[in-house]
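# Structural overview for review
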Amino acid sequence: MWSLTKAAARLQRPPSCKDGAVDEPSELHAAANEAVLRDVNEAIERGLWPGEEDARATFRCECSALECAVFLSLAPRDYERIRAGPRRFVMMPGHENPAIETVVEQTPDYVVVEKRGEAGEVADASDPRP
């Protein structure tokens, strides 16, 4: 079983550089970034009023780029359906990372991805829901 502590320890290693540029984020780094944005969206959803499940709300793109500032519009009911799977994340089309995730749903406004491998284990371990 993968633990979030184990993932955090591996993420604390210094990044490798080539010609002054940092390499693409590792699978674990990408998964940890997406877990942070999932926590943001969980807080957004908790702040909604009861009865607003069908009204569209604004959620953050849960892609692996922490600097991503894209907001998505979807109904809280749809977000709940996506979050029913701890390895599933919602993001802007084109923000998916095929190295660690598979697109399982596409809409004009967003895509739903499912994490694989170590990224999936990090997603399971960091899921804030019981």
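These figures come from a predicted structure and were not determined experimentally.

### Brief notes about the overall build of the protein
Counting secondary structure elements, the protein contains 4 helices and 7 strands. Moving toward the C terminus, one meets the helices and strands of the protein in the order α-β-β-α-β-β-α-β-β-β-α. In the protein, buried positions account for 35% of the 130 residues. Within the structure as shown, the protein displays about 7,400 Å² of accessible surface, and the carbon and sulfur contribution to it stands at 55%.

### Digging into helix α3 (residues 76-83)
Each turn of an α-helix holds 3.6 residues, which means side chains three or four residues apart point in the same direction. Of all the residues in α3, the buried ones are P76, Y79, I82 and R83. Axial view of α3: buried residues confined to an arc of 115°, hence all on one face.

### Examining the side chain of S126
Mapping S126 onto the fold places it in helix α4 (residues 117-126). Reaching out from S126, the side chain makes a polar contact with the backbone oxygen of A123 at a distance of 3.5 Å.

### Observations regarding the environment of S126
In this structure S126 comes out as buried when scored by relative accessible area, which is 11%. Looking at S126, its side chain comes within polar contact range of the main-chain oxygen of V122, at 2.8 Å.

### So, the packing of aromatic side chains
Scanning the model with the defined rule gives 1 aromatic pair in all. Ring plane angle 15° and centroid distance 4.6 Å describe the contact between F59 and Y79, whose orientation is recorded as stacked. Placement of F59 in strand β3 (residues 57-60) and of Y79 in helix α3 is noted, with a sequence separation of 20 residues between them. F59 gets classed as buried once you look at its relative accessible area, which sits at 0%. The buried category is assigned to Y79, whose relative accessible area is 0%. Across from the ring centre of F71, 5.7 Å away, lies the NZ or CZ of R60, which sits over that ring.

### As for the sheet that holds strand β5 (residues 88-91)
Spatial strand order, β5-β7-β6: 3 strands in an open sheet with antiparallel pairing. The outermost strands of the open sheet, each flanked by one partner alone, are β5 and β6 (101-106). Across the sheet, the mean angle from the axis of one strand to that of its neighbour is 30°, orientation sign disregarded. With 4 bridges joining them, β5 and strand β7 (residues 111-115) adopt antiparallel strand pairing. Following the sheet pairing, R88 is matched in β7 by E114.

Cut-offs used in this document
Residues numbered from 1 in each chain as written. Predicted model: local features only at pLDDT ≥ 70, side-chain atom pairs only at ≥ 80, totals over all residues. Heavy atoms only, no water. Helix = DSSP H or I, 4+ residues; strand = E, 2+ residues; numbered from the N terminus. Buried < 20%, exposed > 50% of the residue type's maximum accessible area, 1.4 Å probe, protein only. Areas by Shrake-Rupley, 256 points an atom, 1.4 Å probe, with all protein chains shown as cover. Arc of directions from axis to C-beta. Polar contact = N/O pair within 3.5 Å; in protein donor to acceptor, adjacent residues only side chain to side chain. Phe/Tyr/Trp six-rings, centres within 6.5 Å; stacked < 30°, edge-to-face > 60°. Lys NZ or Arg CZ within 6 Å of the ring centre and 35° of its normal. Pairing = 2+ DSSP bridges. Axes fitted to C-alpha atoms, helices over the stretch in contact; angles between N-to-C directions.

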